[in-house]
Amino acid sequence: MSKRQHISATVNGDPVEFLAEPGATLLDALRDDLGLTGSKEGCGSGDCGACSVILDGRLVCSCLVLAVEAEGRRVETIEGMAEGSKLHPLQQKFLEHAALQCGFCTPGLLVSAKALLDANPDPTETEARYWLAGNLCRCTGYDKIIRAVMDAAAELRQEKV
Amino acid sequence: MSNVEFIAPTSPEQAAKALLAGGPGARPLGGGTDLLVQLRSGRLPAGLIVDLKRIPEAIGIRQDGGAFVIGASTPGITLSEHKALGLAWPGVVEATNLIGSTQVQGRASMAGNLCNASPAADSVPALVAARATCLIVGPDGRRTATVESIAVAPGKTSLAPGEFVLEIRLPARPGRSGDAYLRSIPRTEMDIAVVGAGVNLTLDAAGVITEAHVALGAVGPTVILATAAAAALVGTKADEAALANLDAAARAACNPISDKRGTAEFRTKIAGVLARRAATIAYGRAEKR
Ligand SMILES: Cc1cc2nc3c(=O)[nH]c(=O)nc-3n(C[C@H](O)[C@H](O)[C@H](O)COP(=O)(O)OP(=O)(O)OC[C@H]3O[C@@H](n4cnc5c(N)ncnc54)[C@H](O)[C@@H]3O)c2cc1C
Ligand code: FES
Ligand code: FES
């Protein structure tokens, strides 16, 4: 058994500490050590995006990040998206457009879509589709997801003016 | 991945020492988008992981005269955000940005793409055509090597024990230069190249090509620097006759395998077509600079 390492990081704005096996992924640490089970493991190989989180401002697959790499870094997960009981506009629009069925892909898609709108508040539909190409959904056929993202983008732009 | 060890040194020399001491199971970690997949699937035995991302020189893009020095572990998305790099080397940037999804771009590096030594690595033909070099650090100090000398066979590199790539350098280039990379995949995103072609051209004031470099991916055990294909362009304006010669020379340079992604015949034919198209794009870009 390898020696566990003591890790300090910031998750959704809060300082956290945990012990990590050197071989454990950030996804394992979030789910098993920190109890943040919103991020899902669909494939474990970077293909499905269900584990998407934002690490130091970059969208990444947490299944392809080692937990020990998070030392001193900032992590944002789906759990940090709503403000208390107030849903983020993306979450609200996903509900309104029925952009989910089983919901397994939804946390990853929401985190990816948030990263998109943070970087580009006014994406074209094509830009949104390419940005989200690393998030697989086997239920919805993607169309409702794209409509929800475009609608949320429009609403967020309205809120700003 | 239970028996792995992990360290994140902050100097290149510490990293080289650790890699040497760790023996054959020691691996540099860039973005982990190949390494962690391979470790998790058990394809690679667990050993010592040496994270390079806390070494300052390994992250970021610096300009040195007209050259660009790119830290080995800089993620692809950082390249796409760098205006000057995109203007000087659009082909290298577009090739790197083809790697995987937005999530993969947040992590994947050119050095990882290169040192994973897949013949289909997307950034490598563009880097080879760009005549890029690697700054390698090892237990005995530093040396420089061409990008095409790194991969020697699928999954195998020429790096000695303890050695790793610290920086990738794109040379200064004259005005009226342009590059381009194209790949063929069965869909538009998230797949591995069946063929890739990188072309880098410099023109004189009259639009005649004075220097050309052509590199082909996924049509041999390593990326191929196709010198005869490049020679077919020099002294021309990339007119139809020159492109036909380029096409034939590119096909002649291919030595592909047949697999589920494409037969050897298909790959060879497509290599000629992509070389032509990439040359036309590179020529148009060079005219505008
Ligand atoms: C979903 C998905 C899609 C992908 N799509 C593509 C694609 O379209 N095209 C493509 O080409 N690839 C693709 N890949 C493969 C991979 O993302 C790329 O090869 C990437 O560039 C690897 O970079 P990395 O920094 O993540 O490397 P790592 O995984 O960190 O390292 C890869 C290898 O190189 C070694 N290494 C890393 N850095 C150095 C260094 N500085 N010096 C010496 N050795 C080093 C490591 O030890 C390891 O053996 C994909 C991967 C995933 C998961
Ligand atoms: S679980 Fe990470 S990409 Fe699928
Ligand atoms: S809603 Fe089921 S996978 Fe997307």
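What you see is a predicted model, and the numbers here were worked out from it, not measured in a lab.

A.B. asks: Explanation requested: the site of ligand 1 in the structure shown.
C.D. replies: Taken together, 36 residues sit near ligand 1, with Pro28, Thr33, Asp34, Leu35 and Ser109 of chain B positioned nearest. Those chains with residues close to ligand 1 are chains A and B. Gly100 of chain B places a main-chain nitrogen or oxygen 3.2 Å from a nitrogen atom of ligand 1. Side-chain polar atom of Ser109 of chain B to an oxygen atom of ligand 1: 2.6 Å apart, as the coordinates give it. In isolation ligand 1 exposes 980 Å². Once the protein is present, 93% of that is buried. Looking at the shell around ligand 1, the elements with two or more residues in it are strand S2 (27-29), helix H7 (110-115) and strand S10 (164-170) of chain B. Sorting elements by how many residues they give to the shell around ligand 1 places H7 of chain B first, with 4 residues. Considered class by class, the residues forming the shell around ligand 1 number 18 nonpolar, 11 polar and 7 charged.

A.B. asks: Explain unusual backbone geometry to me, please; I cannot follow it from the model alone.
C.D. replies: Among all residues save glycine, negative phi is the norm, and among peptide bonds the norm is trans. Residues and elements named next belong to chain B. If you check the backbone angles, Ala218 has positive phi at about 65° while not being a glycine. Of note, the phi angle at Ala238 is positive, near 55°, even though the residue is not glycine. Mapped onto the fold, Ala238 is located in the loop between helix H9 (227-231) and helix H10 (240-253).

A.B. asks: Hey, could you run me through the environment of Thr10 of chain A in this one?
C.D. replies: Locating Thr10 of chain A in the fold gives a position in strand S1 (residues 5-11). Apart from the residues lying within four places of it in its own chain, the contact partners of Thr10 of chain A are Pro15, Arg73, Arg74 and Val75 of chain A.

A.B. asks: Help me understand the sheet that holds strand S11 (residues 177-184) of chain B in this model?
C.D. replies: Hydrogen bonds between backbone groups are what pair the strands of a sheet, and the pairing can be parallel or antiparallel. Residue and element names in this part refer to chain B. The strand order across the open sheet built from 4 strands is S11-S12-S13-S14, with neighbouring strands paired in antiparallel fashion. Of all the strands in the sheet, the pair left with one neighbour each is S11 and strand S14 (224-225). Where strand S13 (residues 209-217) lies against S14, 2 bridges are found, and the strand directions are antiparallel. Its bridge partner being in S14, Ala215 is matched across the sheet by Leu225. Against the sheet, helix H11 (residues 264-288) contacts S11, strand S12 (195-203) and S13, and its axis sits at roughly 30° relative to S12.

A.B. asks: Would you explain the confidence of the model for chain B in this entry?
C.D. replies: Note: predicted coordinates in regions of low pLDDT should not be interpreted at a detailed level. Residue-level pLDDT values for chain B average 96, and 99% of them are 70 or greater. Overall fold confidence (pTM) sits at 0.97, and the ipTM for the predicted complex is 0.97.

A.B. asks: Just checking my understanding: could you explain the domain arrangement of chain A for this structure?
C.D. replies: Note on interface size: it is often stated as the accessible area lost on association of the parts. All names here are of chain A. Split into domains, chain A comes out as domain 1 (5-80) and domain 2 (89-160). Across the contact, 15 residues belong to domain 1 and 13 residues belong to domain 2. Carbon and sulfur atoms make up 68% of the surface buried where domain 1 meets domain 2, a total of about 1000 Å² over both sides. In this structure, Lys114 engages Glu76 in a salt bridge whose closest nitrogen and oxygen atoms are separated by 3.9 Å. Applying the counting criterion to the domain 1 and domain 2 interface returns 3 residue pairs in polar contact (both at pLDDT 80 or more). Here the side of domain 1 that touches domain 2 takes 3 residues from strand S3 (residues 52-55), the largest share from any one element.

So, how was this worked out
- Residues numbered from 1 in each chain as written.
- Chains lettered and ligands numbered in written order.
- Predicted model: local features only at pLDDT ≥ 70, side-chain atom pairs only at ≥ 80, totals over all residues.
- Heavy atoms only, no water.
- Near = heavy atom within 4 Å.
- Polar contact = N/O pair within 3.5 Å; in protein donor to acceptor, adjacent residues only side chain to side chain.
- Areas by Shrake-Rupley, 256 points an atom, 1.4 Å probe, with all protein chains shown as cover.
- Helix = DSSP H or I, 4+ residues; strand = E, 2+ residues; numbered from the N terminus.
- Nonpolar A, V, L, I, M, F, W, Y, C, P; charged D, E, K, R; others polar.
- Contact = heavy atoms within 4.5 Å.
- Pairing = 2+ DSSP bridges.
- Axes fitted to C-alpha atoms, helices over the stretch in contact; angles between N-to-C directions.
- pLDDT = per-residue confidence, 0-100.
- Domains from an automatic or database assignment.
- Buried area = accessible area lost by both parts, 1.4 Å probe.
- Salt bridge = Lys/Arg side-chain N within 4 Å of Asp/Glu carboxyl O.

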